[in-house]
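This is what each chain is made of:
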Amino acid sequence: MVKIDELDRQILSLIAADARIPFLEVARACNVSGAAIHQRIQKLNSLGVLKGSQFLIEPEKIGYETCAYIGLNLKDPARFDEVLDKLKQIPEVVECHYTTGNFDMFIKLYARNNHHLLTIIHDKLQPLGLSSSQTLISFHTAIDRQLPIADILTTDAEAEDSFK
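This report concerns the structure included in the present document. Predicted model only: the values in this text are computed from it and were never measured.

Cut-offs applied
- Residues numbered from 1 in each chain as written.
- Predicted model: local features only at pLDDT ≥ 70, side-chain atom pairs only at ≥ 80, totals over all residues.
- Heavy atoms only, no water.
- Helix = DSSP H or I, 4+ residues; strand = E, 2+ residues; numbered from the N terminus.
- Rg over C-alpha atoms; globule rule 2.2 N^0.38 Å.
- Buried < 20%, exposed > 50% of the residue type's maximum accessible area, 1.4 Å probe, protein only.
- Contact = heavy atoms within 4.5 Å.
- Areas by Shrake-Rupley, 256 points an atom, 1.4 Å probe, with all protein chains shown as cover.
- Lys, Arg positive; Asp, Glu negative; His and termini not counted.
- Charge placed at Lys NZ, Arg CZ, Asp CG, Glu CD.
- Salt bridge = Lys/Arg side-chain N within 4 Å of Asp/Glu carboxyl O.
- Polar contact = N/O pair within 3.5 Å; in protein donor to acceptor, adjacent residues only side chain to side chain.
- Phe/Tyr/Trp six-rings, centres within 6.5 Å; stacked < 30°, edge-to-face > 60°.
- Core = buried A, V, L, I, M, F, W, Y, C linked by side-chain atoms within 4.5 Å.

### Quick notes on the overall build of the chain
Across its full length, the chain carries six helices and four strands. Walking the chain from its N terminus toward its C terminus, one meets helices and strands in the order α-α-α-β-α-β-β-α-β-α. Computed over C-alpha atoms, the radius of gyration of the chain comes to 21 Å, more than 25% over the 15 Å expected from 2.2 N^0.38 for 164 residues, which places it beyond the range of a compact globule. Its C-alpha atoms put the chain at 55 × 40 × 30 Å along the principal axes. Within the chain, the proportion of its 164 residues that are buried is 29%. Of the contacts formed within the chain by residues at least 6 apart in sequence, a portion of 63% connects residues at least 24 apart. Accessible area of the chain: about 11600 Å², with a carbon and sulfur share of 53%. If you average the places of the 17 positive and of the 22 negative side-chain charges in the chain, the two averages end up 3 Å apart.

In structure tokens:
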């Protein structure tokens, strides 16, 4: 686990709320120099705390109206790496997780509609060597957020202090 101090917490809280906030505005809010913010951001990047910045595309706005989560069981679990490489080649697959429980892998994908989803499952997923799969369709994302940095890190620090 990476050690995060109070300044790092402030920076993370501000940039998590608005990734496009200028460094000088962050510096003013944290009462430090712009160079200090730049150095801290570089440090957080190099430690892997931050994973870049990006614009997020709303799939529904570009015609991908079906969001599905699919649990996959492989006929041969030793083929995980091979199946993962093939999943990476399916552009509709946006997440893949190795999991505990009922599935070997759990993926999230977007399809234009239910017919397109069926085509993806039949033509792209089944040939991967699945013994079974289970599909859940999401009607609506009720919560979609980053971890609330300030609250979580403060709570974690308080929890650590209580164990001392």
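### Observations concerning the side chain of Asp104
With respect to the helices and strands, the residue Asp104 is situated in the loop between strand 2 (93-98) and strand 3 (105-111). Although buried, Asp104 forms no salt bridge, and the nearest oppositely charged side chain, Arg79, lies 10 Å from it. In terms of polar contacts, Asp104 uses its side chain to reach the backbone amide nitrogen of Leu74, at 2.7 Å. If near-sequence neighbours (up to four positions away) are discounted, Asp104 is found in contact with Leu72, Asn73, Leu74, Pro77, Phe80, His97, Tyr98 and Thr99.

### Describing the environment of Arg145
For Arg145, the location among the structural elements is in the loop between strand 4 (130-138) and helix 6 (149-162). Look at Arg145 and you get exposed, because its relative accessible area is 66%. For the pair formed by Arg145 and Gln89, sequence separation is 56 residues and the distance between their alpha carbons is 27 Å.

### Some points on the packing of aromatic side chains
Tallied over the full model, the rule gives three aromatic pairs. When the ring of Tyr69 is compared with that of Phe106, the centres are 6.2 Å apart and the planes differ by 20 degrees; the resulting orientation is stacked. One end of the pair, Tyr69, is in strand 1 (residues 66-74); the other, Phe106, is in strand 3, and 37 residues separate them in sequence. Using a relative accessible area of 26% as the deciding quantity, one classes Tyr69 as partly exposed.

### Comments concerning the nonpolar core
It is characteristic of soluble globular proteins that their nonpolar side chains tend to be buried jointly. Residues Ile70, Leu87, Ile107, Leu109 and Leu125 are the most contacted members of the largest nonpolar core, which totals 19 residues. For this core, the secondary-structure elements that each account for two or more residues are strand 1, helix 4 (80-88), strand 3 and helix 5 (114-125). If near-sequence neighbours (up to four positions away) are discounted, Leu125 is found in contact with Ile70, Leu87, Ile90, Ile107, Leu109, Ile120 and Leu130.

### Quick look at the pattern of salt bridges
One pass over the full model with this rule turns up seven salt bridges. Residue Arg79 is joined to Glu82 by a salt bridge in which the shortest nitrogen-to-oxygen separation is 2.8 Å. Under the relative-accessibility criterion, Glu82 is labelled partly exposed at 38%. Across the salt bridge formed by Glu92 and Lys124, the nearest N and O atoms sit 3.2 Å from each other. Within this pair, whereas Glu92 is found in the loop between helix 4 and strand 2, its partner Lys124 is found in helix 5, the two being separated by 32 residues in sequence. Residue class for Glu92 comes out buried when judged on its relative accessible area of 10%. Using a relative accessible area of 33% as the deciding quantity, one classes Lys124 as partly exposed. The network of salt bridges with common partners includes Asp5, Asp8, Arg40 and Lys43.

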